[in-house]
Amino acid sequence: MKTLLRCVFASLCLVPAAAAFAQEPPAVPSSATEPQGIVPEPDAITRAVLFADRNLGKGDLTNGIYWDFGNMIPGAGWGNAGPGYRHWYGKDFAFIDASASISVNNYRLGQARVELPGFLKSRLLIGASARWQNFPNIDYFGVGSNTTTDMLSIYGIKSSQFTGYATLRPFRWMGIGAQIGWTNPQVSHVSGPMGATEKHTFVPTEVSLTIDTRDYPGHPTSGVMLRGAGANYDDRTTGLNTFRRYEGEAASFVPIGGGRVVLAMHGWLVRSETRDGHSVPFYLQPSLGGIDTLRSFTDYRFRDNNMLVGNAEVRVALMTHLDLAVFADAGNVAARPENLDLAKRSYGGGFRLHTRRETFAMVDAATGDEGWIVSFRLKDPLGFGRIARRALLVPFVP
Amino acid sequence: MRTITIAIAAVALTISASCAGVKVPVATTAPAPAGASLWIEPTDLGSRDLYYGPWGSQHAPDPKGVYTLVERKHAGVNLGLTVKDAQGREWSVKQPYPGGLDPEGPVEVAVSRLLSAIGYHQPPVYFLPAFTLKDDFGKKVEVGGRFRLKDPSLKDAGFWKWEDNPFVGTKPYQGLIVLLMMFNSTDLKNTNNTLYEHKNGDLVEQWYMTRDVGSALGDANPMAPRKGDPESFERMPFILGVTSGKVEFAYAGWYKNLVRDRIAPDEVAWASELLGRLSDKQWADAFRAGGFDPDDANRFITKLKEKIDQGRSLGARAADRDRQ
């Protein structure tokens, strides 16, 4: 046990890298190369990846005008695009970012944030964000795990949101986050037998602990991500929809054969807690379905107060920048946490177009109880983009 | 759907606007101001050290040193950092993307060595394959790249334009364009040209430099050119022919205005003769300075020598025609 703990501590503190600080020049890190695939890569794929790497792969680092791609919630469709502007100031002490984008399903989003990541020698980040969104057609199949696809209703949600947040990073791999916000979701019934038209004002607060040793969050091939969070949604309109949400999440990425094969595993538990007579609004209930959770089910297919999901995925480097993936997903929703199980299942396979640090496009075909679904997205299905967001989102985003 | 179409069109416009190229250069009759130079005749070419380059080993980064992070790079398409070494010298580090697909650092250093050897001004650039970085969380080993020293003797005075500078039409200027075609350089935007004020005692010289020359030694595909890729470099031809006294280059990139109907055969020959004076050791040292694998280096050198021969023969044919 002691040895195991020592190993874990050593890997977290990058002790192996520290050992390289001797008198000799350091060896080139393994991230300088990428595992070769099983078959030679056609020139067109290499150039597509090269183009994406040079034009899209720098993330938040580039000052100036940029195009915001693939950064929308599930349901928005295969992609979105819009202009943005960001700038770093004072030798990385301050950062501003603003963008607006529209998706293929006409989801519209505008956001602006200012961050000061350099306090206490980069140990403390303080930020504030504002967000306006209009998602006109989100699927709603009712509450519980026994809903059917013919119960499909559509609702729209529009909201403004303001959030203040802080993240304490005692280590490179650990973040302790806290946030407080204000949001006013206006829900409108669009079609179908269920749904409501309502307007609320919430003050959401959250504290979280994240341990993240993944090599590249946009295309993880090694490391772990562990996260625990507790949030309170204070309903300032009627008080009847005040609730608490607790989350536990773990993901692990294990490279095999020099990284030619990556075994990815993920588990996520979400629990909502209300006082007697209170309820969680349906759009804030944890939901399952879509490429981030159960890939043979449509986005937001199941929802209830509690949710459990597990994913296992094996990625094989078919070519240097094209992975073949096979996966299995299982999970369910339930009114009470003790009733959660893994009864809803998906199996399938797909392809991932990626560089070492970013999955730029993916296509998956998945099958389960409700047939086949083929999905195309401009992101990694196990990239957990939602944990990088500083603000609690409305609706609940799997 | 209409908004989506507009968004896609806007993206396409942005991408093409960012690669719009340069205007056709027009020669001025005014002489270059005193102290301004693009090129200085390399009278000691045969003895020049192409491993450490024109700035020598005293300006080179310490491969065993610890470099303190000043800030991350926020411009351009490459990753990078500004760091300080133990002597307090500040370096601009250009790093490859993880995975190492077509890194520009090695190319930039090798091309810079070749240009400086034959008389073109170049900043102090070096290549380190890896280095130790110290940031607020401690030390870690980073993938290296091109280290460019912010030397106090060089003051960045902004960029100069290909189409508007005191040297347009001169042999060194035309020759520089020929050399960049020879290297299959693709990123010839004006902002990669830097005017430096160089302090030489009490004298302040204006050095016109072509900087950031790392987009080369591959091919000139307009959307996704390969860089530092021997196979692409070998595949792409140099000169297609001569039409109406002007050389037709195989270049198909965004900056055709620099070469279309502008370069004469004797200007190609001038540049080829100059580069052809390098010794085998100097060629090898230039690529060794960029950290190239010797086999890859040999492939680049062989192809470059083929191009030099082609350029020389073009000049010889033009001279024959003139005699007749």
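Residues numbered from 1 in each chain as written. Chains lettered and ligands numbered in written order. Predicted model: local features only at pLDDT ≥ 70, side-chain atom pairs only at ≥ 80, totals over all residues.

Draft legend 1. The arrangement of the overall build of chain A in detail. The number of helices and strands found in chain A is five helices and 20 strands. Against the compact-globule benchmark of 21 Å for 398 residues, chain A has a radius of gyration of 21 Å, which places it among compact chains. Its C-alpha atoms give chain A principal-axis dimensions of about 65 × 50 × 50 Å. Going through the 398 residues of chain A one by one, you find that 40% of them count as buried. Counting only contacts in chain A whose residues sit at least 6 apart along the sequence, the fraction spanning at least 24 positions is 57%. (Helix = DSSP H or I, 4+ residues; strand = E, 2+ residues; numbered from the N terminus. Rg over C-alpha atoms; globule rule 2.2 N^0.38 Å. Buried ≥ 20, exposed ≤ 12 C-beta atoms within 10 Å, placed from the backbone. Contact = placed C-beta atoms within 7 Å.)

Draft legend 2. Region of the structure containing the interface of chain A and chain B. Of the residues lining the interface, 43 residues belong to chain A; the matching set on chain B comes to 35 residues. Looking at the side of chain A that touches chain B, the elements that each hand over two or more residues are α2 (15-18), α3 (43-56), β2 (80-89) and α4 (119-122) of chain A. Looking at which element gives the most residues to the side of chain A that touches chain B, the answer is α3(A), with seven residues. Of the residues in the side of chain A that touches chain B, the class split is 21 nonpolar, 10 polar and 12 charged. (Nonpolar A, V, L, I, M, F, W, Y, C, P; charged D, E, K, R; others polar.)

Draft legend 3. Layout of helix α2 (residues 105-117) of chain B. Residues and elements named next belong to chain B. A rise of 1.5 Å per residue sets the reference length of α2, with its 13 residues, at 18 Å; its end C-alpha atoms lie 18 Å apart and thus fit the reference within 8%. Burial of α2 is extensive: 13 of the 13 residues sit out of reach of the surface. Just downstream of α2, Gly119 is the residue with a positive phi angle, here 110°. (Expected span 1.5 Å × (residues − 1).)

Draft legend 4. Representation of the environment of Phe302(A) within the structure. Residues and elements named next belong to chain A. Within the secondary structure, Phe302 is located in strand β15 (residues 302-303). For Phe302, a count of 27 C-beta atoms within 10 Å puts it in the buried group. Between the alpha carbons of Phe302 and Ala334 there is a distance of 9.4 Å; along the sequence they are 32 residues apart. The residues contacting Phe302, other than those within four sequence positions of it, are Ser145, Thr147, Ser287, Leu288, Gly289, Val333 and Lys344.

Draft legend 5. Broad picture of the sheet that holds strand β6 (residues 138-149) of chain B. Residues and elements named next belong to chain B. Taken in spatial order, the five strands line up as β2-β3-β4-β6-β5 and close into a barrel, and their pairing is mixed. For this sheet, the mean inter-axis angle between neighbouring strands, taken without regard to orientation, is 55°. Here 10 bridges tie strand β5 (residues 125-135) to β6, and the two strands are oriented antiparallel to one another. Each bridged residue has a counterpart across the sheet, and for Leu133 the counterpart in β6 is Lys140. Of the strands in this sheet, β4 (90-95), β5 and β6 touch α2, which is tilted by about 140° from β5. (Pairing = 2+ DSSP bridges. Axes fitted to C-alpha atoms, helices over the stretch in contact; angles between N-to-C directions.)

Draft legend 6. Fine view of the environment of Gly35(B). With respect to the element layout, Gly35(B) can be found in the loop between α1 (2-18) and β1 (36-37). Those residues within four positions of Gly35(B) in sequence are excluded, and the remaining contacts are Leu203(B), Val204(B), Glu205(B) and Gln206(B).

Draft legend 7. Representation of α3(A). Residue and element names in this part refer to chain A. Between its terminal C-alpha atoms α3 stretches 19 Å, which fits the 20 Å expected from 14 residues at 1.5 Å a residue. Along α3, the residues classified as buried are Thr46, Val49, Leu50, Ala52, Asp53 and Arg54. Along its buried surface, α3 packs onto β18 (344-354) and β19 (359-368).

Draft legend 8. The nonpolar core, seen in detail. Core analysis: the biggest nonpolar cluster contains 70 residues, and Ala110(B), Leu179(B) and Met181(B) have the highest contact counts within it. Ranked by residue count, the leading element in this core is helix α3 (residues 171-182) of chain B, at eight residues. Each residue touching Ala110(B), except ones within four places of it in the same chain, is listed here: Ala286(B), Phe287(B), Ala289(B), Gly290(B) and Phe292(B). The next biggest cluster of nonpolar side chains, apart from the first, holds 21 residues, and it includes Ala76(A), Phe141(A), Phe202(A) and Leu284(A). (Core = buried A, V, L, I, M, F, W, Y, C linked by C-beta atoms within 7 Å.)

Draft legend 9. Structural context of unusual backbone geometry. Cis geometry marks the peptide bond from Val394(A) to Pro395(A); its omega dihedral reads 5°. Residue Tyr300(A) is not a glycine yet carries a positive backbone phi of 60°. Looking at where Tyr300(A) falls in the secondary structure, it is placed in the loop between β14 (287-288) and β15. Here Tyr300(A) falls in the buried class, since 25 other C-beta atoms lie within 10 Å of it. For Asn184(B), which is not a glycine, the phi torsion comes out positive at approximately 55°. Note that Asn184(B) resides in the loop between α3 and β8 (193-200).

Draft legend 10. Region of interest: the sheet that holds β8(B). Residues and elements named next belong to chain B. On the basis of which strands lie adjacent, the open sheet formed by four strands has the order β1-β9-β8-β7 and mixed pairing. Strands with a single pairing partner mark the edges of an open sheet, and in this sheet they are β1 and β7 (154-159). Relative to strand β9 (residues 203-210), β1 is paired through two bridges, and the arrangement is parallel. Opposite Ser37, over in β9, you have Trp207 as the bridge partner.

Draft legend 11. Region of the structure containing the pairing of strand β10 (residues 202-212) of chain A. All names here are of chain A. As judged from the eight bridges shared by strand β7 (residues 174-183) and β10, these two strands associate in the antiparallel manner. Counterpart to Gly175 in the pairing with β10 is Thr210. Summarising the sheet, β10 and strand β11 (residues 223-235) pair through 11 bridges and their orientation is antiparallel. Directly across from Glu206, in β11, lies its bridge partner Ala231.

Draft legend 12. Up close: the environment of Leu133(B). On the secondary structure map, Leu133(B) appears in strand β5. The residues contacting Leu133(B), other than those within four sequence positions of it, are Tyr67(B), Leu69(B), Val83(B), Lys139(B), Lys140(B) and Glu142(B).

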